[in-house]
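If you want the building blocks of each chain, they are given just below.
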Amino acid sequence: MADTALTAPLRSPLTHTADRLAAATRTSGGAVRLAELPFLTHIDVRLDAKGAAAEAVGLTLGLQLPLQPNTAVRAGELTALWLGPDEWLLVSPPGGRRDLENRIREAVAGDDEPVSVTDVSAQRTTLLVSGPRARDLLAHGCSLDLHPRAFGAGRCAQTTLGRAHVVLVARDEPRAGFWVLVRSSFAGYLTDWLLDAATEYV
C-alpha cells in the first residue's frame, strides 16, 4: 500500500469556512476581522527553564524562552508562548516544521537534561481575530479580563472561548489583534460561535 501520509495535500479543518469568515469581516464594516491562519508550525518544547538546554535553545533560536507566566516573545517570524514553568509553544510560519524541530534537537544534543521536542502542528489551527471590536467579540465567551491593561500585547493564556479550550495570544503590534489557537476537532464549532457573536457588529 502506498504511503500517502507525506504526499497527500494538507487540508485545513476550516477550509469550508473561509468565505463565511471573509463575509463576516466585510459586513462588520471593519469592526472585526476574522480569518484562519492555516498550517502554522507549532512545536511544543519541555525542559528545565533554568538549565543549560534552555540557554542553548534560546541562542539557537535568537530569542530567550519567556519565563514570566502567560507571556509571549517574538523574534522575526518566530513566537514563543509560555504554557507552563517547563513548557513552551513555538509558533512560526508554515513549512518550517522539520527545520525548526531539528534546530532545537541539535541545540540540546548531548545534554543530560530531560528535554521533549514535539511537532504538534497538526493538533491545532489558528484563527485571527482583529479589528477595533476584537476584544469585545472575544469577551462574549471568555472569562479573562481582556482589557489592554490586563491582557495587552505580548500576553497569552490557556483559557476557554465559547466553551472550547484555546490558547489566546494578544499579538505584539497594536492592530495585529489576537491569535486563537484551537484544536482541530473544535475548530468548526468555535468558528460558528465567532461568526454568531460577530453578527452584533453587522
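A quick note: this is a predicted structure, and the numbers were derived from the prediction, not measured.

Enquirer: Just checking my understanding: could you explain the packing of helix α1 (residues 18-27) against helix α5 (residues 184-198) for this structure?
Expert: The axes of two packed helices give the description: the angle between them and the distance between them. Two elements in contact, α1 and α5, have axes separated by 10 Å at closest approach and are oriented at 20°. Between α1 and α5, the interaxial angle falls into the category roughly parallel. As for the relative orientation of α1 and α5, their crossing is left-handed in sense. Seen from α1, the contacting residues are Arg20, Leu21 and Ala24; seen from α5, they are Thr191, Asp192 and Leu195.

Enquirer: How do you make sense of the layout of surface pockets when you look at a structure like this?
Expert: The gaps left among the atoms become clear once a water-sized probe is rolled over them. Here the largest pocket is characterised by a volume of approximately 280 Å³. In this structure, the largest pocket is lined by 18 residues; those nearest its centre are Leu10, Phe39, Ser121, Ala122 and Arg124. A per-element tally of the lining of the largest pocket places strand β7 (residues 124-130) first, with 3 residues. For the lining of the largest pocket, a count of residues per class yields 7 nonpolar, 7 polar and 4 charged.

Enquirer: For this particular structure, what's the right way to read helix α3 (residues 97-108)?
Expert: Along an α-helix, a turn takes 3.6 residues, which lines up residues three or four apart on a common side. Here α3 contains 12 residues, and its C-alpha end-to-end distance of 17 Å stays within 8% of the 16 Å for a straight helix at 1.5 Å per residue. When we look at burial in α3, the residues that qualify are Leu100, Glu101, Ile104 and Val108. Buried residues in α3, looked at end-on, bunch into an arc of 95°, giving them a common side. Residues of α3 that are exposed and point more than 90 degrees away from the buried face comprise Arg98 and Glu106. Packing partners of the buried residues in α3 comprise β2 (41-46), α2 (52-61), β4 (78-84), β5 (87-92) and β6 (116-119). Just downstream of α3, Gly110 is the residue with a positive phi angle, here 85°.

Enquirer: Which parts of the structure should I look at to understand empty space enclosed by the protein?
Expert: On inspection of all chains with the given rule, the structure shows 1 cavity of 30 Å³ or more. One number sums up the size of the largest cavity: a volume of about 30 Å³. At the level of elements, β9 (164-170) and β10 (178-183) are the ones that each hand at least two residues to the lining of the largest cavity. With 3 residues, the top contributor of residues to the lining of the largest cavity is β9. Grouping the constituent residues of the lining of the largest cavity by class yields 3 nonpolar, 1 polar and 2 charged.

Enquirer: Teacher, can you tell me more about the side chain of Asp44 here?
Expert: With respect to the secondary-structure elements, Asp44 resides in strand β2. Arg46 provides the closest opposite charge to the buried, salt-bridge-free Asp44, at an N-O distance of 5.2 Å. Sequence-distant contacts of Asp44, that is, excluding residues within four places in its chain, are made with Leu83, Glu87, Trp88, Leu89, Ser116, Val117, Thr118 and Val120.

Enquirer: Looking at this structure, I do not really get the sheet that holds β2. What am I missing?
Expert: Picture the strands of a sheet paired through backbone hydrogen bonds; they go either parallel or antiparallel. The strand order β3-β4-β5-β2-β6 describes an open sheet built from 5 strands, whose pairing is antiparallel. Here the strands that pair on one side only, and so sit at the sheet edges, are β3 (72-75) and β6. The mean angle between the axes of side-by-side strands here comes to 20°, regardless of whether they run parallel or antiparallel. Bridge count for β2 against β5 is 6 bridges, and the pairing is antiparallel. When the bridges of β5 are listed, Asp44 appears paired with Leu89. Packed onto the sheet, α3 meets β2, β4, β5 and β6 and runs at close to 20° relative to β2.

Rules behind the numbers
- Residues numbered from 1 in each chain as written.
- Predicted model: local features only at pLDDT ≥ 70, side-chain atom pairs only at ≥ 80, totals over all residues.
- Heavy atoms only, no water.
- Axes fitted to C-alpha atoms, helices over the stretch in contact; angles between N-to-C directions.
- Helix = DSSP H or I, 4+ residues; strand = E, 2+ residues; numbered from the N terminus.
- Parallel < 35°, antiparallel > 145°, perpendicular 65-115°, else oblique.
- Left-handed = near helix turned anticlockwise from the far one by under 90°.
- Contact = heavy atoms within 4.5 Å.
- 1 Å grid on protein atoms, 1.4 Å probe; cavity = no way out; pocket = protein on both sides within 12 Å on 5 of 7 lines; lining within 4 Å.
- Points joined across faces, edges and corners; volume = space filled by probe spheres on them.
- Nonpolar A, V, L, I, M, F, W, Y, C, P; charged D, E, K, R; others polar.
- Expected span 1.5 Å × (residues − 1).
- Buried < 20%, exposed > 50% of the residue type's maximum accessible area, 1.4 Å probe, protein only.
- Arc of directions from axis to C-beta.
- Lys, Arg positive; Asp, Glu negative; His and termini not counted.
- Salt bridge = Lys/Arg side-chain N within 4 Å of Asp/Glu carboxyl O.
- Pairing = 2+ DSSP bridges.

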